[in-house]
Amino acid sequence: MNDGENKYLEVLIPRGLIGSGNAVFGTPITVEGLCSLRIGWREGLITSLETIPKESASSLKLLLPRLVEPHAHLDKAFTWREVPNLKGRYQEAFEANLQEHKNRTPHLVYERAQRALKLALKNGIRAVRSHVDSFGTSSELTWEALLTLQDEWHSLIELQLVALVPLEFWTSKQGHSLATRLAKSGGLMGGVLNPPMDREGSRSSLMHMLKLANELGCGIDLHIDESETQPAEGLNLLIEVLDQSETNIPITCSHASSMGLLPLNKIRRLADRLAQHSVNVIALPLTNFWLLGREARRTPVQRPLAPIFHLQRAGVTVAVGGDNVQDPWFPAGGFDPISLMALSMPLAQLAPWDRLGLAPFTTSASALMDLEWDGTIQIGSPVDFVLLEASSWSEALSTPPLRTIIANGEWIDEK
Ligand SMILES: [Zn+2]
């Protein structure tokens, strides 16, 4: 609605996303913690939040800040048809991934990442962190395509890029030069630390990587313990190395899946150690439940997944990501944060009406990606919303709802 220069909407907003400085006393709240509010803005910034009468609540729609995808692989999205992995196992996924590298061109990478970003925009995402395969001969051209897109999309979607390489790569001369380039462009250093691992070799590579990242002020995001064996082997090694290092860079552990297989007392101890070192965690339930635990045909209670609740309770910032989309690692997905929330609800028992159930998709994901705005709605915050055709969480999560995107204070038509 438009009132001269001021625009406003009457909507439902999750209580946990309303900034603490805003007095909305007396606001009607649904059983799912949704507050009925009239939100006003001008020139892209929120100027007012007012309570509205209870009678209108049932006809209002659910409004969220545009959401965040903290862990994706845009360079290989939509390659399932070219290199399918019908067995759904990790090793075959990796082999298919290498096969796909042989046919990579800058045009192909550009096309699929562009398709991914269009979907992300349409579905209500404002920032994406993508790991980028940065080994082999196709690395340069992959980066070229993604850096072009990062520039082209910056007003609508912030694209963060992480160089995904074997850990020892960072000890090489090329590794040093890539890290220097990343630090200049706001990129991050990545790597894989999964068992079976040569513990001493991995320790030395990790030590080197942390030192280099710290010197350059470059953040780190590792694929770690994406495995059903040797629970938390990678995380424990990382903690040992951090105990001996002086670092002040942001460190994120993606997956941390096998930590969930440890006994509870060990989970708690390790969660405390991660919190002490300010290590963030990104849980990736879809790919973990699809790829891991196949050999032993594990029952659901033995499936590896980061212990989100215990990590949060220890003070670790935890986000949830979608990971692979329609590639050999995962045949489904579509850069839809609402579908991801719906699927995470049974897999990880995350309920969006609980503050800690919603944070991994909103405020914690924003903090982990060090975004300018944490996603809370208050006077002065950006008008950057996804408005769902749903008037309750249950409705929103039952079937992926239609939605309208508002960015920079304007309604966005599909790009
Ligand atoms: Zn990944």
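Only a predicted model underlies this, so the values are computations on that prediction, with no experimental measurement involved.

> Explain the sheet that holds strand β11 (residues 251–255) to me, using residue names and the numbers behind them.
A sheet is described by the order of its strands in space; here eight strands give the open sequence β6-β7-β8-β9-β10-β11-β12-β13, paired in parallel fashion. Either end of the sheet is taken by a strand with one partner, and the two such strands are β6 (67–72) and β13 (318–320). For this sheet, the mean inter-axis angle between neighbouring strands, taken without regard to orientation, is 25°.

> So what's going on with the nonpolar core? Which residues, and what values?
Leu 74, Met 189 and Met 259 are the most contacted members of the largest nonpolar core, which has 97 residues in total. Mapped onto the domain boundaries, this core takes at least three residues apiece from domain 1 (2–66 + 375–411) and domain 2 (67–368). Listed in part, the 16 residues of the second largest apolar core include Ile 18, Cys 35, Ile 46 and Leu 49.

> So what's going on with the coordination of the zinc ion? Which residues, and what values?
Donor atoms from the polypeptide that bind the zinc ion are His 71 (NE2), His 73 (NE2), His 223 (NE2) and Asp 323 (OD), placed at 2.1 to 2.6 Å. Geometry at the zinc ion is irregular, judged from the four donor atoms that bind it and their angles of 85 to 171° at the metal. Here the donor residues of the zinc ion are spaced in sequence according to H-x1-H-x149-H-x99-D. Taken together, the positions of His 71 in strand β6 and His 223 in strand β10 (residues 220–224) put the pair 152 residues apart, joining distant regions of the chain. Of the two residues, His 71 and His 223, neither departs from the other in class, the shared state being buried.

> Tell me about the pairing of strand β8 (residues 158–164), and please be specific about residues and values.
Most of β8 is tucked away: six of the seven residues are buried. Pairing between strand β7 (residues 125–133) and β8: seven bridges, direction parallel. Bridging from a neighbouring strand, Val 132 pairs with Ala 163 of β8. Regarding topology, helix α3 (residues 139–152) serves as the crossover connection from β7 to the parallel β8, and that connection is right-handed. Note that β8 and strand β9 (residues 188–193) share two bridges and pair parallel. Residue Val 162 lies in a different strand from β9, and its bridge partner there is Leu 188. Between β8 and its parallel partner β9, the chain crosses via helix α4 (residues 173–185), and the hand of that crossover is right-handed.

> Tell me about the layout of surface pockets, residues and numbers included.
In this model, the largest pocket occupies a volume close to 850 Å³. Taken together, 39 residues make up the lining of the largest pocket; nearest its centre are Tyr 90, Phe 94, Val 192, Asn 194 and Trp 329. Those elements that provide at least two residues to the lining of the largest pocket are α1 (90–101), β9 and α5 (199–216). Sort the elements by how many residues they give to the lining of the largest pocket and α1 lands first, with five residues. Grouping the amino acids of the lining of the largest pocket by side-chain chemistry returns 15 nonpolar, 13 polar and 11 charged. There is about 560 Å³ of room inside the second largest pocket. As for the second largest pocket, its lining consists of 22 residues, and the residues nearest its centre are Leu 305, Ile 308, Leu 347, Ala 348 and Gln 349. The greatest single-element share of the lining of the second largest pocket, amounting to four residues, is contributed by helix α9 (residues 308–314). Here the lining of the second largest pocket is composed, by residue class, of 15 nonpolar, five polar and two charged.

> An account of the domain arrangement of the chain is needed here, citing residue identities and associated values.
The assigned domain composition of the chain is domain 1 (2–66 + 375–411) and domain 2 (67–368). For domain 1 versus domain 2, the separation of C-alpha centres amounts to 31 Å. The partner domain 2 presents 24 residues to the 20 residues of domain 1 that form the contact. In this assembly, domain 1 packs against domain 2 so that about 1700 Å² is buried in total across both faces, 68% of it on carbon and sulfur atoms. Area buried by domain 1 at its contact with domain 2 is led by Arg 66, Leu 397 and Arg 403, which between them contribute 41% of it. At the junction of domain 1 and domain 2, the tally comes to one salt bridge. Across the pair Asp 336 and Arg 403 runs a salt bridge, and its minimum N-O distance is 2.8 Å.

> Lay out the pattern of salt bridges in plain terms, naming residues and giving numbers.
Taken as a whole, this structure holds 20 salt bridges when the rule is applied. As a salt-bridge pair, Arg 181 and Glu 140 come within 3.6 Å of each other at their nearest N and O atoms. Highlighted residues: Arg 181 in helix α4 and Glu 140 in helix α3, separated in sequence by 41 residues. Residue classification places Arg 181 among the partly exposed positions, given a relative accessible area of 43%. What makes Glu 140 exposed here is its relative accessible area of 52%. Measuring nitrogen to oxygen at the nearest pair gives 3.5 Å for the salt bridge that ties Glu 233 to Arg 199.

> I'd like a description of the environment of Leu 149, backed by residues and values.
Along the chain, Leu 149 falls in helix α3. Residue classification places Leu 149 among the buried residues on the basis of a relative accessible area of 0%. Along the sequence, Leu 149 and Leu 117 sit 32 residues apart, while their C-alpha atoms lie 8.9 Å from each other. Residue contacts for Leu 149: discarding those within four places in its chain leaves Tyr 110, Ala 113, Gln 114 and Leu 117.

Conventions and cut-offs
- Residues numbered from 1 in each chain as written.
- Predicted model: local features only at pLDDT ≥ 70, side-chain atom pairs only at ≥ 80, totals over all residues.
- Heavy atoms only, no water.
- Pairing = 2+ DSSP bridges.
- Helix = DSSP H or I, 4+ residues; strand = E, 2+ residues; numbered from the N terminus.
- Axes fitted to C-alpha atoms, helices over the stretch in contact; angles between N-to-C directions.
- Core = buried A, V, L, I, M, F, W, Y, C linked by side-chain atoms within 4.5 Å.
- Buried < 20%, exposed > 50% of the residue type's maximum accessible area, 1.4 Å probe, protein only.
- Domains from an automatic or database assignment.
- Donors = N, O, S within 2.8 Å, 3.2 Å for Na, K, Ca; no water.
- Tetrahedral: all angles 85-135°; square planar, octahedral: opposite > 155°, others 65-115°.
- Right-handed = clockwise from strand over helix to strand, strands pointing away.
- 1 Å grid on protein atoms, 1.4 Å probe; cavity = no way out; pocket = protein on both sides within 12 Å on 5 of 7 lines; lining within 4 Å.
- Points joined across faces, edges and corners; volume = space filled by probe spheres on them.
- Nonpolar A, V, L, I, M, F, W, Y, C, P; charged D, E, K, R; others polar.
- Contact = heavy atoms within 4.5 Å.
- Buried area = accessible area lost by both parts, 1.4 Å probe.
- Salt bridge = Lys/Arg side-chain N within 4 Å of Asp/Glu carboxyl O.

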